Amino acid sequence: MGELIKQSEVFEKIPAQYKPYIEATQTPTLISQERVENLKLIYGCIVEAITLKGQKLDDDKAVKYMAEQFYNEVIVKYPNTRQGEIRSAFRKGALGELGEFFGINASTLYNWL
């Protein structure tokens, strides 16, 4: 129990802008989770990004296809990517924190990561 308190005390001293990065490292890696769970996460992140950008979700099939294509690339090239890293990257990208934004597509999602 003492170790948990120490970790919590340390975490509280970390500046707020760095906490999301640390929290992301505490989430499961893609390779350690089932494909369907990862696809649900990625799909949800894409929908959130579309919403944050004020775009309309016109075609659910297209979003599912994007999620699959993104997952298929990332699981091969970066299998140890953490779910929290994807969530954080998509959110930051949609909010314009990762450079210029030209619409949500597979290339944009991959660049955000």
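Description of the structure in this document. (Residues numbered from 1 in each chain as written. Predicted model: local features only at pLDDT ≥ 70, side-chain atom pairs only at ≥ 80, totals over all residues. Heavy atoms only, no water.)

Here the structure, examined in full by the defined rule, presents six salt bridges. Lys64 serves as the salt-bridge partner of Asp60, at 3.3 Å between the closest nitrogen and oxygen. You can see Asp60 and its partner Lys64 sitting in helix 4 (residues 60–77), four residues apart, about one turn around the helix. A relative accessible area of 29% means that Asp60 is categorised as partly exposed. Judged by relative accessible area, Lys64 falls into the partly exposed class, the value being 46%. (Salt bridge = Lys/Arg side-chain N within 4 Å of Asp/Glu carboxyl O. Helix = DSSP H or I, 4+ residues; strand = E, 2+ residues; numbered from the N terminus. Buried < 20%, exposed > 50% of the residue type's maximum accessible area, 1.4 Å probe, protein only.)

Turning next to the packing of aromatic side chains. One pass over the full model with this rule turns up two aromatic pairs. Consider the rings of Phe70 and Phe90, whose centres lie 5.2 Å apart with planes at 70°: the pair is edge-to-face. Here Phe70 is found in helix 4, whereas its partner Phe90 is found in helix 5 (residues 83–94), with 20 residues between them in sequence. The pair formed by Phe70 and Phe90 is uniform in burial state, with each residue classed as buried. Taken together, the aromatic side chains of Phe70, Phe90 and Trp112 make up a single cluster linked through ring pairs. (Phe/Tyr/Trp six-rings, centres within 6.5 Å; stacked < 30°, edge-to-face > 60°.)

What follows concerns the environment of Tyr65. You can see Tyr65 is positioned in helix 4. When its relative accessible area of 53% is taken as the criterion, Tyr65 is described as exposed. C-alpha separation for the pair Tyr65 and Tyr21, spaced 44 residues apart in sequence, amounts to 28 Å.

This part takes up helix 3 (residues 35–52). An α-helix turns once per 3.6 residues; consequently, residues spaced three or four apart project the same way. Under the 1.5 Å per step criterion, the end-to-end length of helix 3 is 26 Å for 18 residues, consistent within 8% with the ideal 26 Å. Buried within helix 3 we find Asn38, Leu39, Leu41, Ile42, Cys45, Ile46, Ala49 and Ile50. Contact partners of the buried residues in helix 3: helix 4, helix 5 and helix 6 (106–112). (Expected span 1.5 Å × (residues − 1). Contact = heavy atoms within 4.5 Å.)

Take the nonpolar core next. Core analysis: the biggest nonpolar cluster contains 23 residues, and Ile42, Ile46, Phe90, Ile104, Leu109 and Trp112 have the highest contact counts within it. When contributions to this core are tallied by element, the ones reaching two or more residues are helix 3, helix 4, helix 5 and helix 6. Those residues in contact with Ile42 that sit more than four places away from it in its chain are Ala67, Phe70, Tyr71, Ile86 and Phe90. (Core = buried A, V, L, I, M, F, W, Y, C linked by side-chain atoms within 4.5 Å.)

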